[in-house]
Amino acid sequence: NNVYATGKTIIGKDAQVQVENKLIYGDITITKFIDNVNVYNGDPIFTFQVKNITTNPNVIYTKTVRFTEGSIKSQKVTFENLPCGMYEVTEKKTLRFDNIKIESSVSNVSISDDNKIATVTLKGNERKAAIDFKNNRVNTSNLSHTDQIINTFTIDENGSITDVSQSHNISTTN
């Protein structure tokens, strides 16, 4: 159910069958909710991991959401164009917030008993999934974890990494 084939048959003396397989892709959207924030302690940052457990568990996709003063309470991030299959979705632990609940109202998402992992199956007509991660702030001290580095690069046709760059986002904490 992760690929479909199209093709044509040429009938005659030299009969031929031509088949083209096409991979089907899907999307996983995560909405992050937090109960409160003190941006003077730094912007809360949360990182999500999506691991394809069907075909290649060594490939892990990551995306980060950052709450700023103007975006308090919820943020969305979408992992687009994922090959259909089964995925584990997790949130990396943070310093000031605890994950209290993972929820989804779609049938292709199941939540682990310990509420730490969402398992998503992208297939056929179920190529989109939506998951909510809810956190409460548990550490109200002035400790912060609000810095991130974004590395970007290009892989050329020979498999070599080129165009490496890095941006450094810093939040000021008091």
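Right above here is the structure, for reference.
Presented here is a report on the structure given in the accompanying data block. (Residues numbered from 1 in each chain as written. Predicted model: local features only at pLDDT ≥ 70, side-chain atom pairs only at ≥ 80, totals over all residues. Heavy atoms only, no water.)

## A few points about the layout of surface pockets
What the second largest pocket holds in volume is close to 200 Å³. Around the second largest pocket sit Thr90, Glu91, Lys92, Lys93, Thr94, Phe97, Asp98, Asn99, Lys116, Ile117, Phe133 and Asn135, which together line it. Breaking the lining of the second largest pocket down by element, the ones donating at least two residues are strand E7 (85-91), strand E8 (97-103) and strand E11 (128-137). The biggest single contributor to the lining of the second largest pocket is E8, with three residues. (1 Å grid on protein atoms, 1.4 Å probe; cavity = no way out; pocket = protein on both sides within 12 Å on 5 of 7 lines; lining within 4 Å. Points joined across faces, edges and corners; volume = space filled by probe spheres on them. Helix = DSSP H or I, 4+ residues; strand = E, 2+ residues; numbered from the N terminus.)

## Details of a nonpolar patch on the surface
Side chains of Phe153, Ile155, Ile161 and Val164 sit close together on the surface and give an oily, nonpolar patch of about 430 Å² of accessible area. Looking at the nonpolar patch, the elements that each hand over two or more residues are strand E12 (147-155) and strand E13 (161-170). Take isoleucine 155: it is sitting in strand E12. Judged by relative accessible area, isoleucine 155 falls into the exposed class, the value being 52%. (Patch = residues over 30% accessible without salt bridge, like charges linked within 9 Å, V, L, I, M, F, W, Y side chains within 5 Å. Areas by Shrake-Rupley, 256 points an atom, 1.4 Å probe, with all protein chains shown as cover. Salt bridge = Lys/Arg side-chain N within 4 Å of Asp/Glu carboxyl O. Buried < 20%, exposed > 50% of the residue type's maximum accessible area, 1.4 Å probe, protein only.)

## Regarding the side chain of arginine 137
You can see arginine 137 is positioned in strand E11. Buried charge arginine 137 goes without a salt bridge, the closest partner of opposite sign being aspartate 35 at 7.2 Å. For arginine 137, the residues in contact, after removing those within four places along its chain, are Asp35, Asn36, Val37, Asn38, Asn41, Arg96 and Phe97. (Lys, Arg positive; Asp, Glu negative; His and termini not counted. Contact = heavy atoms within 4.5 Å.)

## Concerning unusual backbone geometry
Phi is positive for asparagine 81, close to 55°, though the residue is something other than glycine. Within the fold, asparagine 81 resides in strand E6 (residues 74-83). Not every positive phi belongs to a glycine, and asparagine 115 is a case in point at roughly 60°. Summarising the element assignment, asparagine 115 is placed in the loop between strand E9 (109-111) and strand E10 (118-122).

## A closer look at the pattern of salt bridges
Within the structure shown, the criterion is met by five salt bridges. Close ionic contact of lysine 134 with glutamate 103 constitutes a salt bridge, the shortest N to O distance being 2.7 Å. One end of the pair, lysine 134, is in strand E11; the other, glutamate 103, is in strand E8, and 31 residues separate them in sequence. Note on glutamate 103: relative accessible area 27%, which makes it partly exposed.

## So, the sheet that holds E6
Spatially, E6-E3-E11-E8 is the arrangement adopted by the four strands of the open sheet, whose pairing is mixed. Each edge of the open sheet carries a strand with a single partner, namely E6 and E8. Each neighbouring strand pair of the sheet contributes to a mean axis angle of 25°, computed without reference to strand direction. Summarising the sheet, E8 and E11 pair through six bridges and their orientation is antiparallel. Note on E11: the bridge partner recorded for phenylalanine 97 is arginine 137. (Pairing = 2+ DSSP bridges. Axes fitted to C-alpha atoms, helices over the stretch in contact; angles between N-to-C directions.)

## Description of the packing of aromatic side chains
Applying the stated criterion across every chain yields a total of three aromatic pairs. Look at phenylalanine 46 and phenylalanine 67: their rings are 5.8 Å apart centre to centre, the planes differ by 90°, and that puts the pair in the edge-to-face class. Here phenylalanine 67 lies in the loop between strand E5 (60-66) and E6 and phenylalanine 46 lies in strand E4 (residues 45-52), a separation of 21 residues in the sequence. Here phenylalanine 46 and phenylalanine 67 have matching classes, each one buried. Through a chain of ring-to-ring contacts, three or more aromatic side chains come together here, namely Phe46, Phe67 and Phe97. A cation over an aromatic ring shows up here: lysine 32 above the ring of phenylalanine 46, its NZ or CZ 4.5 Å from the ring centre. Above the face of the phenylalanine 33 ring, lysine 134 is positioned so that its terminal group lies 5.6 Å from the ring centre. (Phe/Tyr/Trp six-rings, centres within 6.5 Å; stacked < 30°, edge-to-face > 60°. Lys NZ or Arg CZ within 6 Å of the ring centre and 35° of its normal.)

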